[in-house]
Amino acid sequence: MAATQWATIADVDEVTGKAVTEKERGIAVRSLEPLVGLIESVDRPDISGRDRYWLKLATCYQAAYVLDNPDFFSRADVTSASQDGESANFRNVDAHLLAPLARKCIRRLSWRGLTRSKDRAAQRGPLNILSEEYDDSLAWKPVGS
């Protein structure tokens, strides 16, 4: 059985409003594979519908990112840079390679270790409400309730 694509180019257009080619979608997928630890072309029937949803969104966001960043493969891997007295630091180590919304989706994959259980929250210690981790600590609520 052939593996199902994480997202199609039609999905990318629907989610992001960006028209990408199959080549750009492929680049996005190949850039996500090392981060998520899966290979799109290998069928994984054990992946939940929830995880497939997050893989689809991550692929869509990353494909749009690849489209908007033609220098994707030629960026320098630096810890800091400054020019004319101005400098910038990335918030996370993959900021120059990974779309911010794709990063959030990847963090929600079940095998990435983030859960919504209250017992894990106690093990972590105090939670910074300004951090991305705070979003993951909130209880799920159905949309429209």
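You'll find the structure just up there.
1. Remarks on the overall build of the protein chain
Part 1: Check the secondary structure of the protein chain and you find six helices and two strands.
Part 2: Ordering the α and β elements of the protein chain from the N terminus gives α-α-α-β-β-α-α-α.
Part 3: Burial statistics for the protein chain: of 145 residues in total, 28% are counted as buried.
Part 4: Considering only contacts within the protein chain whose residues lie at least 6 apart along the sequence, 65% involve residues at least 24 apart.

2. Quick notes on the environment of Glu 40
Part 1: Tracing the sequence through the fold places Glu 40 in the loop between helix 2 (22-36) and helix 3 (49-68).
Part 2: Glu 40 sits 15 residues away from Leu 55 along the chain, and the two C-alpha atoms are 9.7 Å apart.
Part 3: Residues contacting Glu 40, with those up to four places away along its chain left out, are Ala 3, Thr 4, Gln 5, Trp 6, Ala 7, Arg 25, Val 29, Arg 30 and Glu 33.
Part 4: At 2.8 Å, the side chain of Glu 40 and the side chain of Arg 25 are in polar contact.

3. Thoughts on the packing of aromatic side chains
Part 1: The full count for this structure, using the stated rule, is one aromatic pair.
Part 2: Ring plane angle 70 degrees and centroid distance 5.1 Å describe the contact between Tyr 53 and Trp 54, whose orientation is recorded as edge-to-face.
Part 3: Tyr 53 sits in the partly exposed class, given a relative accessible area of 46%.
Part 4: Just above the ring of Trp 54 sits the side chain of Arg 108; from NZ or CZ to the centre is 5.6 Å.

4. Overview of helix 3
Owing to its 3.6 residues per turn, the α-helix aligns residues three or four sequence positions apart on the same side.
Part 1: The end-to-end C-alpha distance of helix 3, which contains 20 residues, comes to 29 Å, matching closely the 28 Å that a straight helix rising 1.5 Å per residue would cover.
Part 2: Turning to helix 3, its buried residues are Asp 51, Trp 54, Leu 55, Leu 57, Ala 58, Thr 59, Cys 60, Gln 62, Ala 63, Ala 64, Tyr 65 and Val 66.
Part 3: Against the buried residues of helix 3 lie helix 1 (9-16), helix 2 and helix 4 (100-107).

5. Describing the packing of helix 3 against helix 4
Part 1: Running from N to C, helix 3 and helix 4 point in directions that differ by 165 degrees, and their axes come no closer than 8 Å. On the basis of the axis angle, helix 3 is roughly antiparallel to helix 4. Considering only the axes of helix 3 and helix 4, their crossing is left-handed. Side by side, helix 3 and helix 4 meet where Trp 54, Leu 57, Ala 58, Tyr 61 and Gln 62 of the first sit next to Leu 101, Ala 102, Cys 105 and Ile 106 of the second.
Part 2: Grouping the constituent residues of the contact of helix 3 with helix 4 by class yields eight nonpolar, one polar and no charged.

6. Side note on the nonpolar core
Part 1: Core analysis: the biggest nonpolar cluster contains 18 residues, and Trp 6, Val 36 and Ile 106 have the highest contact counts within it.
Part 2: For this core, the secondary structure elements donating two or more residues are helix 2, helix 3 and helix 4.
Part 3: Sort the elements by how many residues they give to this core and helix 3 lands first, with five residues.
Part 4: Setting aside anything within four residues of it in sequence, one finds Ile 106 in contact with Leu 32, Leu 35, Val 36, Ala 58, Leu 98 and Arg 112.
Part 5: Grouped together as the second largest cluster of nonpolar side chains are seven residues, Ala 7, Val 12, Val 20 and Ala 63 included.

7. Some points on the packing of helix 1 against helix 3
Part 1: In contact at an axis separation of 9 Å, helix 1 and helix 3 are set at 80 degrees when each is read in the N-to-C sense. Comparing the axis directions of helix 1 and helix 3 gives the class roughly perpendicular. Contact with helix 1, carried on its side by Asp 11, Val 12, Val 15 and Thr 16, involves Lys 56, Leu 57, Cys 60, Tyr 61, Ala 63 and Ala 64 of helix 3 and no other residues of that element.
Part 2: Looking at the contact of helix 1 with helix 3, its residues break down into seven nonpolar, one polar and two charged.

About the criteria used
- Residues numbered from 1 in each chain as written.
- Predicted model: local features only at pLDDT ≥ 70, side-chain atom pairs only at ≥ 80, totals over all residues.
- Heavy atoms only, no water.
- Helix = DSSP H or I, 4+ residues; strand = E, 2+ residues; numbered from the N terminus.
- Buried < 20%, exposed > 50% of the residue type's maximum accessible area, 1.4 Å probe, protein only.
- Contact = heavy atoms within 4.5 Å.
- Polar contact = N/O pair within 3.5 Å; in protein donor to acceptor, adjacent residues only side chain to side chain.
- Phe/Tyr/Trp six-rings, centres within 6.5 Å; stacked < 30°, edge-to-face > 60°.
- Lys NZ or Arg CZ within 6 Å of the ring centre and 35° of its normal.
- Expected span 1.5 Å × (residues − 1).
- Axes fitted to C-alpha atoms, helices over the stretch in contact; angles between N-to-C directions.
- Parallel < 35°, antiparallel > 145°, perpendicular 65-115°, else oblique.
- Left-handed = near helix turned anticlockwise from the far one by under 90°.
- Nonpolar A, V, L, I, M, F, W, Y, C, P; charged D, E, K, R; others polar.
- Core = buried A, V, L, I, M, F, W, Y, C linked by side-chain atoms within 4.5 Å.

Without other data, these values stay purely geometric and don't point to any function.
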